[in-house]
Amino acid sequence: MAAALSAQGWDVVGFLGRHDDLTHATDGVDVLLIATPDDVIASVAASVLPCAGTTVAHLSGSLGIDVLAPHPVRATIHPLVPLPNATVGASRLTGGVTFAVSGAPAARTIVESLGGRLVEVADVDRAAYHAAACIAANHVVALLGQVERVAAVAGLDLEAFLPLTRAAVEDVATLGPRQALTGPAVRGDWATLSRHLDALPAGERPGYQAGAALAIKLATDSAPAAV
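Just so we're clear, the structure is a prediction, and the values are computed from it rather than from any experiment.

J.: How should helix α5 (residues 126–153) be read in this particular structure?
T.: Every α-helical turn comprises 3.6 residues, leaving residues that sit three or four positions apart pointing alike. Given a rise of 1.5 Å per residue, 28 residues ought to cover 40 Å, and the 40 Å separating the end C-alpha atoms of α5 matches this to within 8%. Of all the bends in α5, the largest measures some 35° and sits at isoleucine 135. Of the positions making up α5, those classed as buried are Arg126, Tyr129, Ala133, Gln146 and Ala151. Considering only its buried residues, α5 is in contact with β3 (74–79), β4 (98–103) and α10 (205–221). Once α5 ends, the next one or two residues include glycine 155, with phi positive near 80°.

Spelled out as structure tokens, the structure:
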């Protein structure tokens, strides 16, 4: 975030880490960004003396502005994009991605300067919003980790299956999840699903069953009503 903002003309005056004194972190800055694990945002914010002229913002997707008490000017800024490292992250943050914001106007100013797309997410909805974000990215990555392990059982590598994944995601973007769904679950090929389970190592079966259950739910919940 610092690199992305700096590239857009923001003056990034410095960083404070877990072993630094945070008492006067708001001194002389327009915006203080808290970029810590969610569980410590409240305690970090509480350790900083409030300043009427400084917006204190966090980058969490799951939390609202209440965790930033007692600061009078508060905001949330959550980039809806994976940031696996600083170089890739800085590039993606200026690539027109979506940011979920709430609170003080500084959040909008930051996102607009990065060329991002703004969406407002109410505090009461942030946990559900962030759960969807984790499913969209983290869970997909974890599933591809399972693909890599199961493919190895058949003597193949992950690369052989990535075009399948890319095509499926493109189909979702074009057709929507239900129309993009293919495979044995949507066809009702229960014997095929059973053979899959028999072929899998025991440790991989719960993950596969969870995925199959989601596919069946998508297929059945979206199926047209019988006449």
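J.: What am I meant to see in the packing of helix α9 (residues 190–199) against α10 here?
T.: Helix packing geometry: the angle between the two helix axes and the distance between the axes. Between α9 and α10, the least distance of the axes is 10 Å, while the angle of their chain directions is 160°. Classified by the angle their axes make, α9 and α10 are roughly antiparallel. Our pair here, α9 against α10, has a crossing hand that is right-handed. For the pair α9 and α10, contact is made by Trp190, Leu193, His196, Leu197 and Asp198 and by Arg205, Tyr208, Gln209 and Ile216, respectively. Along the lines of polarity and charge, the residues of the contact of α9 with α10 split into five nonpolar, two polar and two charged.

J.: I keep staring at the environment of histidine 71 and nothing clicks. Help me out?
T.: Tracing the backbone shows histidine 71 in the loop between β2 (55–58) and β3. On the basis of relative accessible area, histidine 71 is assigned to the buried category, the value being 2%. Once the C-alpha coordinates of histidine 71 and alanine 25 are considered, the two residues, 46 residues apart in sequence, prove to be 12 Å apart. With sequence-adjacent residues up to four places away left out, histidine 71 is seen in contact with Thr26, Ala45, Val48, Leu49, Pro50 and Val56.

J.: In this structure, what is going on with the sheet that holds β2? I would like to understand it.
T.: A sheet is described by the order of its strands in space; here five strands give the open sequence β1-β2-β3-β4-β5, paired in mixed fashion. Every other strand in the sheet has two partners, leaving β1 (31–34) and β5 (117–120) as the edge strands with one partner each. Neighbouring strand axes in the sheet, compared pairwise and without regard to direction, differ in orientation by 30° on average. As defined by bridge partners, β3 adjoins β4 across five bridges and the pair is classed as antiparallel. Opposite isoleucine 77, over in β4, you have valine 101 as the bridge partner.

Reading guide: rules and limits
Residues numbered from 1 in each chain as written. Predicted model: local features only at pLDDT ≥ 70, side-chain atom pairs only at ≥ 80, totals over all residues. Heavy atoms only, no water. Helix = DSSP H or I, 4+ residues; strand = E, 2+ residues; numbered from the N terminus. Expected span 1.5 Å × (residues − 1). Bend = angle between axes of the 7 residues up to and from the residue. Buried < 20%, exposed > 50% of the residue type's maximum accessible area, 1.4 Å probe, protein only. Contact = heavy atoms within 4.5 Å. Axes fitted to C-alpha atoms, helices over the stretch in contact; angles between N-to-C directions. Parallel < 35°, antiparallel > 145°, perpendicular 65-115°, else oblique. Left-handed = near helix turned anticlockwise from the far one by under 90°. Nonpolar A, V, L, I, M, F, W, Y, C, P; charged D, E, K, R; others polar. Pairing = 2+ DSSP bridges.

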